[in-house]
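Residue strings, one per chain:
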Amino acid sequence: MSQNEQSLDRLLKIKTTGRDDSNADQYRYPYEPTPYAVLERLANSGLIRKKDVLLDYGCGKGRVDFYLSYQTRAKCIGIEYDERIFAAAEENLKTSVSAEKVEFRLGNAESFKVPQKVDRCYFFNPFSVEVLRSVMARIIESYYESPREILIFFYYPSPEYISYLMTVEELEFFDEIDCSDLFEEKSERERIIIFKI
């Protein structure tokens, strides 16, 4: 798997491999990029298209944004709170083959105002449920300001995330993309759960 990860990084002219938990705490989780095999499955789902704008929460070094913009031609916005990891995303922006479709914002997800053009959101467990509550309130607020279809993708969702999401009345379960066959170790969390506002 890691050879594929490095070869796709090279294809996209970015550096996103490896894990970084230097600034992780009980509210914000370590940087760990979504595996490319999972992103490929998401890109092939047809749920993200050229006209869409995807907001990637806890974007890290930008892998999700660079890959999905490259494969689907969608515009991607990544938000990251860790200044050092954000700097790595900005460095990748200088070399990436899909840089013209990607932008990054430095800041906290809880206070980030969701642009009204955003109609797709992506999460790979970037933070605690406490933070997620605030973030969901921002997404829903944006929806009420400008009603539109918003699909929200949760890769490798924790039981806490799922329990919380099932209580949000604006959310409707939309679909699920099974990713368990992509990995040797079997886990029921190897999936992308999709909700719709």
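A brief structural summary. A quick note: this is a predicted structure, and the numbers were derived from the prediction, not measured.

Calculation notes
- Residues numbered from 1 in each chain as written.
- Predicted model: local features only at pLDDT ≥ 70, side-chain atom pairs only at ≥ 80, totals over all residues.
- Heavy atoms only, no water.
- Helix = DSSP H or I, 4+ residues; strand = E, 2+ residues; numbered from the N terminus.
- Rg over C-alpha atoms; globule rule 2.2 N^0.38 Å.
- Buried < 20%, exposed > 50% of the residue type's maximum accessible area, 1.4 Å probe, protein only.
- Areas by Shrake-Rupley, 256 points an atom, 1.4 Å probe, with all protein chains shown as cover.
- Lys, Arg positive; Asp, Glu negative; His and termini not counted.
- Charge placed at Lys NZ, Arg CZ, Asp CG, Glu CD.
- Pairing = 2+ DSSP bridges.
- Axes fitted to C-alpha atoms, helices over the stretch in contact; angles between N-to-C directions.
- Salt bridge = Lys/Arg side-chain N within 4 Å of Asp/Glu carboxyl O.
- Phe/Tyr/Trp six-rings, centres within 6.5 Å; stacked < 30°, edge-to-face > 60°.
- Lys NZ or Arg CZ within 6 Å of the ring centre and 35° of its normal.
- Polar contact = N/O pair within 3.5 Å; in protein donor to acceptor, adjacent residues only side chain to side chain.

### Remarks on the overall build of the protein
Thinking step 1. Regarding its fold elements, the protein presents six helices and seven strands.
Thinking step 2. The order of helices and strands in the protein, counted from the N terminus, is α-α-β-α-β-α-β-β-α-β-α-β-β.
Thinking step 3. Against the globule reference of 16 Å for 197 residues, the protein gives a C-alpha radius of gyration of 15 Å, in line with a compact fold.
Thinking step 4. Over its C-alpha atoms, taken along the principal directions, the protein stretches across nearly 40 × 35 × 35 Å.
Thinking step 5. By the burial criterion, 52% of the 197 residues in the protein qualify as buried.
Thinking step 6. As presented, the protein carries roughly 9500 Å² of accessible surface, and 46% of it is formed by carbon and sulfur atoms.
Thinking step 7. The protein carries 27 positive and 35 negative side-chain charges, and their two centres are separated by 6 Å.

### Re the sheet that holds strand β5 (residues 151-155)
Thinking step 1. Ordered in space as β3-β2-β1-β4-β5-β7-β6, the seven strands form an open sheet in which the pairing is mixed. Edge strands, defined here as strands with exactly one partner in the open sheet, are β3 (102-106) and β6 (172-178). Adjacent strand axes in the sheet meet at a mean angle of 20° when their direction is disregarded.
Thinking step 2. Bridging between strand β4 (residues 120-123) and β5 involves four bridges; their strand directions are parallel. Across the sheet, the residue bridging to Phe-123 is Phe-154, located in β5.

### As for helix α3 (residues 63-72)
Thinking step 1. Within α3, eight of the ten residues are buried, which leaves it mostly tucked inside the rest of the structure.
Thinking step 2. Among the residues making up α3, those that are buried are Arg-63, Val-64, Asp-65, Phe-66, Tyr-67, Leu-68, Ser-69 and Thr-72.
Thinking step 3. Immediately beyond the C-terminal end of α3, within one or two residues, lies Arg-73, with a positive phi of roughly 70°.

### Some details on the pattern of salt bridges
Thinking step 1. Enumeration over the complete set of coordinates arrives at 14 salt bridges.
Thinking step 2. The partner of Arg-120 in a salt bridge is Asp-52, and the shortest N-O contact between them spans 3.6 Å. Pair noted here: Arg-120 is in strand β4 and Asp-52 is in the loop between α2 (36-43) and β1 (53-57), with a separation of 68 residues, a long-range link.
Thinking step 3. Taking relative accessible area as the criterion, Asp-52 reaches 0% and is therefore assigned buried.
Thinking step 4. By sharing partners, the salt bridges in this structure join Lys-51, Asp-52, Arg-120, Glu-149 and Lys-196 into a single network.

### A few points about the packing of aromatic side chains
Thinking step 1. Within this structure, the stated rule accounts for 13 aromatic pairs.
Thinking step 2. Both rings, one in Phe-154 and one in Tyr-161, keep their centres 6.1 Å apart while their planes meet at 85°; by these two values the pair is edge-to-face.
Thinking step 3. Site record: aromatic cluster; members linked through ring pairs are Tyr-57, Phe-123, Phe-127, Phe-154, Tyr-161, Phe-173 and Phe-195.
Thinking step 4. The side chain of Arg-63 reaches across the aromatic face of Tyr-36, ending 4.0 Å from its centre.

### Examining the pairing of β5
Thinking step 1. Most of β5 is tucked away, with five of its five residues classed as buried.
Thinking step 2. Note that β5 and strand β7 (residues 191-196) share five bridges and pair antiparallel. Looking across to β7, one finds that Leu-151 is bridged to Lys-196.

### Some points on unusual backbone geometry
Thinking step 1. The phi angle at Lys-13 is positive, at roughly 60°, despite the residue not being glycine.
Thinking step 2. The phi torsion at Asn-125 lies on the positive side, around 40°, for a residue other than glycine.
Thinking step 3. Its place among the elements puts Asn-125 in the loop between β4 and α5 (129-145).
Thinking step 4. In this structure Asn-125 comes out as buried when scored by relative accessible area, which is 12%.

### Quick notes on the side chain of Arg-191
Thinking step 1. Structurally, the position occupied by Arg-191 is in strand β7.
Thinking step 2. You can call Arg-191 buried: its relative accessible area is 16%.
Thinking step 3. One polar contact links the side chain of Arg-191 to the main-chain carbonyl oxygen of Glu-188, over a distance of 2.8 Å.

Read these as spatial facts, not as claims about activity.
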